[in-house]
Amino acid sequence: MSREVSVTTGSRLHWGLLSLAPATGREFGGIGLMVDEPSLMLSARLSSTGQDTIICSEGCYSKVAAAIDAARRSLAGPLRERFFSVELHSEIPLHCGFGSGTQLSLAVAKAISVLSGEPALSSVELAQRVQRGARSALGVHGFDSGGFLVEGGKRDPAEISPLVMHADFPEDWKILLITPVNQAGISGILEADAIQQLGPMPVAVTEKLCRLVLMQLMPAVLTRDFAGFSSGLTEFGHIVGEFFSPAQGGIFAHPRMVELEKLLISKGIQGIAQTSWGPTLSVVCPSSDNAEKVSSTILQNGYGELCSLRTVNPLNHGARIQSSDGA
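Quick summary incoming for the structure in this document. No experiment lies behind these values; they were computed from the predicted model shown.

1. Some remarks on empty space enclosed by the protein
Counted by the stated rule, this structure contains one cavity of 30 Å³ or more. Put simply, the largest cavity is a space of about 40 Å³. Lining the largest cavity are Leu-40, Cys-60, Glu-91, Ile-92, Ser-100 and Leu-104. Class assignment of the residues belonging to the lining of the largest cavity gives a composition of four nonpolar, one polar and one charged.

In structure tokens:
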């Protein structure tokens, strides 16, 4: 049985769903990518103090505590009487479109499972323990596999949407993340309310999105066709954004990101899409040099004080788990 476990995982970019409140067929679905930064790294061990010990930021504390409680309730027999010490060494920013809640909950559940000597559990099994994957399962599957992900949607609310395509994302393609400061995207109850108010996604919109995914984005990843992928992602992001504009106030959650996208497109830059409810905008670039040029364009046009910029790599592997065994 392990004495200490460390779990490291990256962030999930969610570029948009495929269906909402359909009359028939599957709901949600979507496409996304795991990236190496921002990253989450935690360590966990059994606690000898008779209570759980948590070391992390104030914003993450309740999420860690809830994940520990949920994971503990899933353990067998006397294992439920144990307490745990969890420390976050790096955190994924909350409510920025990076899927922080899912990665945090899965990492805690994984650490507790390993500390309890259980056989290896899949990320879907872990998600069921900590109640993740209610709408999107991209981060759930990404925790196991990394890479470019397409999920097929769900027929039943209790189901975890199945992974229908996974592929390594070209390593030389970089992702520029543009996050407006002092604004958070919506999540949780607010997200559920916003989705409820939107009403069904028209079948024609779902058909357009599915065509783009199946006939352009998926093949472009597999054949390393950057031009095809970047133009397809920009179109995909626009179609999704137009549908969600009544809930988020425009094609993107932050009005200045709409201006910025127009600027970038005017300069021939494609591969632009908001991740989840934003406010982060992502730009897929063909190389590190290109990402630097795009960053310079953004800064030279006065967006430096409004946004933080970060160039990251695709993460083509699942979460890293390390454990030290007790005597």
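2. Here's the deal with the sheet that holds strand S8 (residues 272-274)
In spatial order, the strands read S8-S9-S7-S10; together these four strands make up an open sheet with antiparallel pairing. In this open sheet, the two edge strands, each paired with only one partner strand, are S8 and strand S10 (307-312). Pairs of neighbouring strands in the sheet enclose a mean axial angle of 20°, with direction left out of account. In the sheet, strand S7 (residues 174-180) pairs with S10 via six bridges, with the strands oriented antiparallel. The residue of S10 that forms the bridge with Ile-175 is Val-312. Against the sheet, helix H9 (residues 288-300) makes contact with S7, strand S9 (281-285) and S10, and its axis sits at roughly 20° relative to S7, the strand it touches most.

3. Describing the nonpolar core
Grouped together as the largest cluster of nonpolar side chains are 78 residues, with contacts concentrated most on Trp-15, Phe-148, Phe-169, Ile-175, Phe-229 and Phe-236. The leading source of residues in this core is helix H2 (residues 100-115), at nine residues.

4. What about the packing of helix H1 (residues 58-73) against H2?
Taken N-terminus to C-terminus, the directions of H1 and H2 make an angle of 45°; their axes are 9 Å apart at the nearest point. With respect to H2, the axis of H1 lies oblique. Relative to H2, the crossing made by H1 is right-handed. Counted together, Cys-60, Lys-63, Val-64, Ala-67, Ile-68 and Ala-71 of H1 and Leu-104, Ser-105, Val-108, Ala-109 and Ile-112 of H2 form the full contact between these two elements. Taken together, the residues of the contact of H1 with H2 sort by class into nine nonpolar, one polar and one charged.

5. Considerations on the pattern of salt bridges
In this structure the tally under the stated criterion is nine salt bridges. Ionic pairing is found between Glu-159 and Arg-26, a salt bridge with its closest N-O pair at 3.2 Å. Linking Glu-159 in the loop between strand S5 (148-151) and strand S6 (163-167) with Arg-26 in the loop between strand S1 (2-16) and strand S2 (30-46), this pair joins segments that are 133 residues apart in sequence. Under the relative-accessibility criterion, Glu-159 is labelled partly exposed at 23%. Look at Arg-26 and you get partly exposed, because its relative accessible area is 31%. In this structure, Asp-172 and Arg-224 form a salt bridge, with 2.6 Å as the shortest nitrogen-oxygen distance. Linking Asp-172 in the loop between S6 and S7 with Arg-224 in the loop between helix H6 (203-223) and helix H7 (226-248), this pair joins segments that are 52 residues apart in sequence. In this structure Asp-172 comes out as partly exposed when scored by relative accessible area, which is 38%. Residues joined in a network through salt bridges with shared partners are Asp-52, Asp-69 and Arg-72.

Conventions and cut-offs
- Residues numbered from 1 in each chain as written.
- Predicted model: local features only at pLDDT ≥ 70, side-chain atom pairs only at ≥ 80, totals over all residues.
- Heavy atoms only, no water.
- 1 Å grid on protein atoms, 1.4 Å probe; cavity = no way out; pocket = protein on both sides within 12 Å on 5 of 7 lines; lining within 4 Å.
- Points joined across faces, edges and corners; volume = space filled by probe spheres on them.
- Nonpolar A, V, L, I, M, F, W, Y, C, P; charged D, E, K, R; others polar.
- Pairing = 2+ DSSP bridges.
- Helix = DSSP H or I, 4+ residues; strand = E, 2+ residues; numbered from the N terminus.
- Axes fitted to C-alpha atoms, helices over the stretch in contact; angles between N-to-C directions.
- Contact = heavy atoms within 4.5 Å.
- Core = buried A, V, L, I, M, F, W, Y, C linked by side-chain atoms within 4.5 Å.
- Buried < 20%, exposed > 50% of the residue type's maximum accessible area, 1.4 Å probe, protein only.
- Parallel < 35°, antiparallel > 145°, perpendicular 65-115°, else oblique.
- Left-handed = near helix turned anticlockwise from the far one by under 90°.
- Salt bridge = Lys/Arg side-chain N within 4 Å of Asp/Glu carboxyl O.

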